[in-house]
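Residue-level structure breakdown
Now for the letters of each chain:
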Amino acid sequence: MLRGFLHLAEDGRLLKAVARSLARLLQGYGISVLIGVPLGIATARLPLLRLTVKPIVMGLQSLPSICWLPLAILWFGLSESAILFVVVMGSLLSIAISTEDGVSSIQPQLLQVSGTLGIRGLRFYGGVLVPAALPGIVTGLKLGWSFAWRALMAGELLFVSGGLGQLLVTARELLDVAQVMAVMAAIVAIGVAMDRILFQAVEVRVRRRWGLEAP
Amino acid sequence: MSTAADAERTGRPLVPRAHSLCAVLRKLLARLSRKRLLVPFRERAAPAKIAVKSVGHTYRGRDEVVALENVNLDVHHGQMVCLLGPSGCGKSTLLYALAGTVEPSGGHVTIDGKEVKGPGPDRLLMFQDHALFPWLTVRQNIVFALRARGLDRRECERRAHEYIHLVQLDGFERSLPHQLSGGMRQRASLARALSMDPAVLLMDEPFGALDAQTRGQMHNLLQRIWMRQRKTVVFVTHDIREALVLGDRVVVMAGRPGRILWDLEVRLERPRDPDDERLVTLSRQIRTALREAQAQSRPMAGAGGEGRENAEQLDGAGRGSSLDGGAAAGGVPHPAGAHLGAGG
């Protein structure tokens, strides 16, 4: 496996593939966050949305993200957008659900006190609602990232066009077990690095400041 | 005391006969002065700062609960009024109607001549829960609230500093709420409320969750601050002694339906000591009177027990009462809880 690793690393293919995959991930994830967080907030605050949108979101959540690929290819053709769509659908729902959860579990007193202190509008949403729901939102972001990563890998495998997925497929076609495992190791390493190092750290910091966890 | 004064006046030495006469005089004086310490509140001619007219409120749920019925109350500028009553008597509902959080189903509430519609910083509500923003430090909590009022940064910082000092939290400006004790959190909450300079300060049993000693300290603090600033305050409590220590006026309420029983003016000089004999006697008087009133209002069998239970909830000697007794007796829902569903 180590041999395979070095082989890949040598001609810079690994790095290029990682860069490609990560770029897609960031794009798709970014879109999910931009749509998912406001969607979650809106669902929590507006009773109408809670009745209509929430059941749909919860239902779709149970759909494995790869199942979106056929639809994506039909809609977007064999293009980057298709993969992006799969990534977005994979993570959007979990971000929205966690955000909605976070907002719904805000202490009612905080909302009441905001009313009584005259904190309204943008100051309320940015200064009270989002910070108060932040522990829940960060959890959602963490989950969303995991799902996005998995969705991306699945997408890249089935619809091959650069990135780590392609490396994996190429290696399989060449019947190079060492290379396959090397790529798998790379995928795991990136996943772990992101999950544990980045998100865990942020989550713990937020929880500590909010007083939810002992320092 | 009167014995020595009498002796001085008459110029006669203390003898057993004069002694018994003095004793009688002393008792008479005490009775008179006791009457003068707690008198029915007389309506003032001056326009009221807070005017409550024929306010009624019914909670509509599975059962209809008449929380308030035809309540009339005038609070004047600079008065500290305590709403006293057992759980479920509607005192919190009345307070929340003043705050604008609850819209009464009948009647009007006006503050400074303007009808109250919705909560606002002019009629600040303080809860039992400190409701500090947990991600902000003490100083940031105050500054954030002040910024919402449109003050510039420098003024906000100055005020924050001033009020943190006033509630004796110097040194804890940079602490997060979860790093403070219960009493300190309430002090921070009080600092935040006072710094907003509201026209009226409304307090819903703010010291209920604190231990007896901390509560005593908070009483002293509140008294001192009030003596300096003379804010108009309406304070809700079930603790008779707390009401007597803090209030210029004690408005005793009863429930089912929520109404005002007595409106009393307290004429003890400030600052008041909760262990003051006179205060303890007044507290006992109120409790006894309440017991009788409850017993009378429900002449059916078993009512005596209920009445006693309700009267017991009026705590005259520390935190012995349980608020659950009221809920069990079918009292009025607490407006904070009732609002959970309303997207609050």
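All figures in this text were calculated on a predicted structure; none of them were measured in a lab.

Conventions adopted
Residues numbered from 1 in each chain as written. Chains lettered and ligands numbered in written order. Predicted model: local features only at pLDDT ≥ 70, side-chain atom pairs only at ≥ 80, totals over all residues. Helix = DSSP H or I, 4+ residues; strand = E, 2+ residues; numbered from the N terminus. Buried ≥ 20, exposed ≤ 12 C-beta atoms within 10 Å, placed from the backbone. Pairing = 2+ DSSP bridges. Axes fitted to C-alpha atoms, helices over the stretch in contact; angles between N-to-C directions. Parallel < 35°, antiparallel > 145°, perpendicular 65-115°, else oblique. Contact = placed C-beta atoms within 7 Å. Nonpolar A, V, L, I, M, F, W, Y, C, P; charged D, E, K, R; others polar. pLDDT = per-residue confidence, 0-100.

A word on the overall build of chain A. Of the regular secondary structure elements, chain A holds 9 helices and 0 strands. Helices (α) and strands (β) of chain A occur, in sequence order from the N terminus, as α-α-α-α-α-α-α-α-α. Seen through its C-alpha atoms, chain A measures out along the principal axes to roughly 70 × 45 × 25 Å.

This part is about the pairing of strand E7 (residues 123-126) of chain B. Residues and elements named next belong to chain B. Burial along E7 is two-sided: the face carrying Arg123 and Leu125 and the face carrying Leu124 and Met126 are both buried. Across 4 bridges, E7 lies against strand E8 (residues 200-204) in parallel orientation. Bridge assignment links Arg123 to a residue of E8, and that residue is Val200.

What follows deals with the pairing of strand E4 (residues 80-84) of chain B. Residues and elements named next belong to chain B. Judged by how many residues are buried, E4 sits mostly within the fold: 5 of 5 residues are covered. Across the two faces of E4 the burial is the same, with Met80, Cys82 and Leu84 and Val81 and Leu83 all buried. Strand direction decides the pairing type here: E4 and strand E9 (residues 232-237), joined by 5 bridges, are parallel. Within the sheet, the bridge partner assigned to Val81 lies in E9 and is Val234.

Residue and element names in this part refer to chain A. Packing of helix H7 (residues 121-158) against helix H9 (residues 177-209) brings their axes to within 9 Å, and their N-to-C directions diverge by 175°. Relative to H9, the element H7 lies roughly antiparallel. Counting all contacts with H7, which are made through Leu134, Pro135, Val138, Thr139, Leu141, Lys142, Trp145, Ser146, Trp149 and Met153, the residues of H9 involved are Ile187, Gly191, Met194, Asp195, Phe199, Val202, Glu203, Val206 and Arg207. Residues that form the contact of H7 with H9 fall into these classes: 12 nonpolar, 3 polar and 4 charged.

All names here are of chain B. The 4 strands are arranged E3-E2-E5-E6 in an open sheet whose pairing can be described as antiparallel. For this open sheet the edge positions go to strand E3 (64-75) and strand E6 (114-115), each flanked by a neighbour on one side alone. With 2 bridges joining them, strand E5 (residues 106-111) and E6 adopt antiparallel strand pairing. Bridged to Ile111 within E6 is Lys114.

Next up on the list: the sheet that holds E7 of chain B. Residue and element names in this part refer to chain B. Read from one edge of the open sheet, 7 strands run E1-E11-E10-E4-E9-E8-E7, paired in mixed fashion. This sheet does not close on itself; its edge strands, each paired only once, are strand E1 (38-40) and E7. On average, adjacent strands in this sheet sit at an angle of 25° to one another, irrespective of strand direction.

What follows is about the confidence of the model for chain B. Residues and elements named next belong to chain B. Scored by pLDDT, chain B comes out at a mean of 78, with 76% of its residues at no less than 70. When the criterion is pLDDT under 50, residues 300-313 qualifies, and its contacts beyond four places in sequence or with other chains add up to 26 contacts. Confidence drops under pLDDT 50 across residues 337-344; counting only partners more than four residues distant or on other chains, this segment forms 11 contacts.

Here we come to the interface of chain B and chain A. Contacts between chain B and chain A engage 26 residues on the former and 20 residues on the latter. Counting only elements with at least two residues in the side of chain B that touches chain A, the list comes to E7 and helix H4 (138-147) of chain B. For the side of chain B that touches chain A, the per-class residue count stands at 18 nonpolar, 6 polar and 2 charged.

A few words on unusual backbone geometry. All names here are of chain B. With an omega of -5°, the peptide bond running from Arg270 to Pro271 counts as cis. For Pro271, the location among the structural elements is in the loop between strand E11 (259-266) and helix H9 (277-297). Non-glycine residue Asp112 carries a positive phi angle of around 55°. Its location among the elements puts Asp112 in the loop between E5 and E6. By C-beta crowding, Asp112 is classed as partly exposed, having 16 other C-beta atoms within 10 Å.

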